[in-house]
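Reading the structure
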Amino acid sequence: MSANGLGPLVRLWGLRTEQLPAATASADELAPLLMAILQEAVPFIDSAAPKASAAPDPKLWRRKGTHSHADSAAKVEVLERAVPAADLERIAAAAAAAAASSSSSGGGSGSGSGSGGKPKAAGSETWCCRRSVHADKAEKGTASWAEFDRCFRQHHAESERAFTPACLDAREALRWDCAGVEAHEGGLAWTDFRLVVEEMRHRIGKPVLKDRTFPVLQMACRVADGGEGAREEFVVVSIPVPDFAKSEKSTLAAEKGAQVATYVSVERIRKLDGEDGDGDGSIEWLMATASDAGGVLPAWVQNLAAPGVIWKDVPLFLGWIAKERQSGAKDGAANGAEAVPQASTGVEVNTMPTVSSGTGGDTRVAATDGP
């Protein structure tokens, strides 16, 4: 990684299909790639909400206001960070040099971490981040730890399709067996790694704008039980694979006329205690992302709109999970088995009244516009 803690993997330029691990890669062969992703993702997301203080690094992140919604008992704080083009150029050059060195020395084992030339950095990256803290309860306006874990770590694609009205389809295209991989980062031991390629199709503004398809390499892992100072925590990291349509495993990106777009994200969900200042039994939900919808939509328009959109996933999920509980109770689903999330018709957040507080303290009630 570079001196500023940024690396070449968790980037909007993503990975090419040829850089993905071989389908037959063993856990030992996957371990270097999993560790490299974790080493980039954990410090990056921690800079937005450091565990020592929960306050974002003011040199890196700018506050963009807070938002409230009837479906969430917690407010949602929004932040923004720009990664300059010059930094990305240095990262790309260093990655190319490392890949060339590995190739000349005969390195590389099909793990996907070293092949390929210099990544293409198209200007700067603008990241948006949201943070919210929720009571660990299976009740309206919040969710339990088991619900967060099931929906975001274990069944990510199914959950996103179920609670996001704009998500038209989501599927798992590839999966690797990571059994037995363990790693240490951020003073913690990490285990239960999962590595998949997911494809998602989102509606972003028909009939004016075409639907967008997002293929990503997604890694998830959790903090190991019983470690010193360990509390329940997991991260989910998504890295774009822009040319995945060329893979025989692709369905959505390979469809005729598909408009492929890119996003990169790091999500951290963890339990807090009294030492964190948010009270014992709370759950912190933190997610940072950068994206490029491509097509005719200018990047500056997307970046301008992002802070007003990213926070909406919180009330969307909490409103959906509340309905799922009611549906499960009516159907007698509480029989000891965990249900896989199913797609359902959600309520568009952008049609409901919200309260937003800007950085200048201006508070207003408005029906916000969607992406």
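Up top you'll find the structure we're talking about.
Conventions adopted
- Residues numbered from 1 in each chain as written.
- Predicted model: local features only at pLDDT ≥ 70, side-chain atom pairs only at ≥ 80, totals over all residues.
- Heavy atoms only, no water.
- Buried < 20%, exposed > 50% of the residue type's maximum accessible area, 1.4 Å probe, protein only.
- Helix = DSSP H or I, 4+ residues; strand = E, 2+ residues; numbered from the N terminus.
- Pairing = 2+ DSSP bridges.
- Salt bridge = Lys/Arg side-chain N within 4 Å of Asp/Glu carboxyl O.

**Topic: the pairing of strand S11 (residues 282-292)**
Judged by how many residues are buried, S11 sits mostly within the fold: nine of 11 residues are covered. Both strand S3 (residues 125-135) and S11 contribute to a ladder of eight bridges, which runs antiparallel. Note on S11: the bridge partner recorded for alanine 135 is serine 282. Of the strand pairs in this sheet, strand S10 (residues 262-271) and S11 are connected by 10 bridges, and their pairing is antiparallel. Paired with threonine 262 across the bridge in S11 is aspartate 292.

**Considering the pairing of strand S6 (residues 188-202)**
With 12 of 15 residues buried, S6 lies mostly within the body of the structure. The pairing of strand S4 (residues 167-176) with S6 spans eight bridges and is classified as antiparallel. Counted as the bridge partner of arginine 171 is glutamate 199 from S6. Where strand S5 (residues 183-185) and S6 come together, three bridges link them in antiparallel fashion. Residue alanine 183 lies in a different strand from S6, and its bridge partner there is tryptophan 190.

**Focus: the pattern of salt bridges**
For side chains bearing opposite charge, pairing can occur when the charged atoms are close. Overall, the coordinates contain 23 salt bridges when judged by the stated rule. Notably, a salt bridge pairs aspartate 192 with arginine 222, separated by 3.5 Å at the nearest N-O pair. Separated by 30 residues along the polypeptide, aspartate 192 in strand S6 and arginine 222 in strand S7 (residues 212-223) bring together distant segments of the chain. Taking the relative accessible area as the measure of exposure, aspartate 192 reaches 28% and is therefore partly exposed. Here lysine 271 makes a salt bridge to glutamate 232, at a shortest N to O gap of 3.0 Å. Remark: glutamate 232 occurs in the loop between S7 and strand S8 (233-240) and lysine 271 occurs in strand S10; sequence separation between them is 39 residues. A relative accessible area of 24% places lysine 271 in the partly exposed class. The partly exposed category is assigned to glutamate 232, whose relative accessible area is 36%.

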